[in-house]
Amino acid sequence: MRFAKFTALAGALALAAASMASGKVLFSSTTGFLRLVTYNSVGQGTQTPYGQLVFGDTVVGIGDFDQNGFTDVVVKHTQPSGDFYRLYLYDATGRVGNVGLIKAGQVATVPVGVGDFDGDGNLEFVLEDQGTGRLQANEVDHSTFAVNDFSLGIAAVGAYNRAVGIGDMNGDGSDDVVIINPANNMQRYMYYTGTAPTSLSGPIKSNTGDISTPGSPTVGATDIDADGNVDMILQPTDSTRRIRAWLMVNTTVKANIPLASLIATKDYNVVAVGK
């Protein structure tokens, strides 16, 4: 097993820069090498080597789970004796270890993102039950790494049946959930007050830009242009694989733009979006 190496100075500077800006996108190569891109404005940011996944790992989400100022990575690890979730921890030197979290249940789930719905400072990685659309938040204690889970309600609403991101979409201080219709990427937002869903937005679609939305599924939500609004991150399924962003003002799309990934090869795909 090989991991990308950080020099003492270069690694510290890159990771420190990554901790200061808000919009983060984690890429993985076809061989599991990770790169974290942190945007401080549209198309501008830093790229940091972030180690390599172990065979059987699937990225679930990213966030500063241990509150040390550096982005950590939650993965689901598949093995014959049973699947489980674990947390890769990072500091200024790079990856410094991992912590086993919980065993994966028998129900098929897909990752949604990372948030803090109950506002206690401990982050939750959120999973969606593929059969029922139920959302489960798995809260990780920042010091003991003990996991407490709670329900966030049902995400599936008619044709809008895939939860793909987390962010405060209406500016009320509570995290919300982005739900898409996979057929055309039309979006709705499930608004929350704390851990309780309160209302559902109307359909939202970008009518700006030069590409058709159906070929560009939303893969996450984060503030990519540092204006205080949560933006949508899309990865086209065409040969370019170049990610795009819906720049938002609350729930209104103000621009649909290509977003420089800072990744030189098409072999890298988006595997997580966070802040």
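Engineer: Residue-level account of the overall build of the protein, with values.
Structural biologist: On a plain count of helices and strands, the protein comes out with 1 helix and 20 strands. Out of the 275 residues in the protein, the part that is buried amounts to 51%. By sequence separation, contacts in the protein at least 24 residues apart represent 41% of the contacts at least 6 residues apart.

Engineer: Can you lay out the sheet that holds strand β10 (residues 134-140) for me, pointing to particular residues and giving the numbers?
Structural biologist: Note on sheets: strands pair through backbone hydrogen bonds, and any given pair is parallel or antiparallel. Ordered in space as β8-β9-β10-β11, the 4 strands form an open sheet in which the pairing is antiparallel. Whereas interior strands pair on both sides, the edge strands pair on one side only; in this sheet they are β8 (109-115) and β11 (147-154). Pairwise comparison of adjacent strand axes, ignoring direction, gives a mean angle of 25° for this sheet. Pairing of β10 with β11 involves 6 bridges; the strand directions are antiparallel. Residue pairing in the sheet places N138 in a bridge with D149 of β11.

Engineer: Provide a residue-level description of the sheet that holds strand β1 (residues 23-28), including the pertinent values.
Structural biologist: Strands sit in the order β3-β2-β1-β20 across an open sheet of 4 strands; the sheet is antiparallel. Edge positions in the open sheet fall to β3 (44-52) and β20 (269-274), since each of these has one partner strand only. Neighbour to neighbour, the strand axes of the sheet diverge by 25° on average, direction disregarded. Here strand β2 (residues 33-41) runs beside β3; their pairing, made up of 7 bridges, is antiparallel. Opposite T38, over in β3, you have T46 as the bridge partner.

Engineer: How would you sum up the pairing of β10? Please name residues and give values.
Structural biologist: For β10, the buried fraction is high: 5 of the 7 residues fall into the buried class. Judged from the 5 bridges that link them, strand β9 (residues 124-129) and β10 form a sheet pairing that is antiparallel. Looking at the pairing, E128 lines up with L135 of β10. Taken together, β9 and the strand that follows it, β10, pair antiparallel across an intervening segment of 4 residues, in which G133 is found at a positive phi of about 80°. A loop of 6 residues connects β10 with β11, the two strands running antiparallel in sequence, and F145 in this loop sits at a positive phi of about 65°.

Engineer: Now, about the pattern of salt bridges: what can you tell me, with residues and values included?
Structural biologist: If you walk through the whole model with that rule in mind, you get 5 salt bridges. For R86, the salt bridge goes to D57, with nearest N and O atoms at 3.3 Å. Of this pair, R86 sits in strand β6 (residues 84-91) while D57 sits in strand β4 (residues 57-63), and the two are 29 residues apart along the sequence. An identical accessibility class is assigned to R86 and D57; each is buried. Because the salt bridges share partners, they merge into one network encompassing D225, D227 and K254.

Engineer: Help me get a handle on unusual backbone geometry, residues and values and all.
Structural biologist: Of note, the phi angle at A226 is positive, near 55°, even though the residue is not glycine. Tracing the sequence through the fold places A226 in the loop between β16 (218-222) and β17 (231-234). Residues other than glycine seldom take positive phi values, yet N250 does so here, at roughly 55°. Looking at where N250 falls in the secondary structure, it is placed in the loop between β18 (244-249) and β19 (252-258). We classify N250 as partly exposed; its relative accessible area is 39%.

Thresholds applied
Residues numbered from 1 in each chain as written. Predicted model: local features only at pLDDT ≥ 70, side-chain atom pairs only at ≥ 80, totals over all residues. Heavy atoms only, no water. Helix = DSSP H or I, 4+ residues; strand = E, 2+ residues; numbered from the N terminus. Buried < 20%, exposed > 50% of the residue type's maximum accessible area, 1.4 Å probe, protein only. Contact = heavy atoms within 4.5 Å. Pairing = 2+ DSSP bridges. Axes fitted to C-alpha atoms, helices over the stretch in contact; angles between N-to-C directions. Salt bridge = Lys/Arg side-chain N within 4 Å of Asp/Glu carboxyl O.

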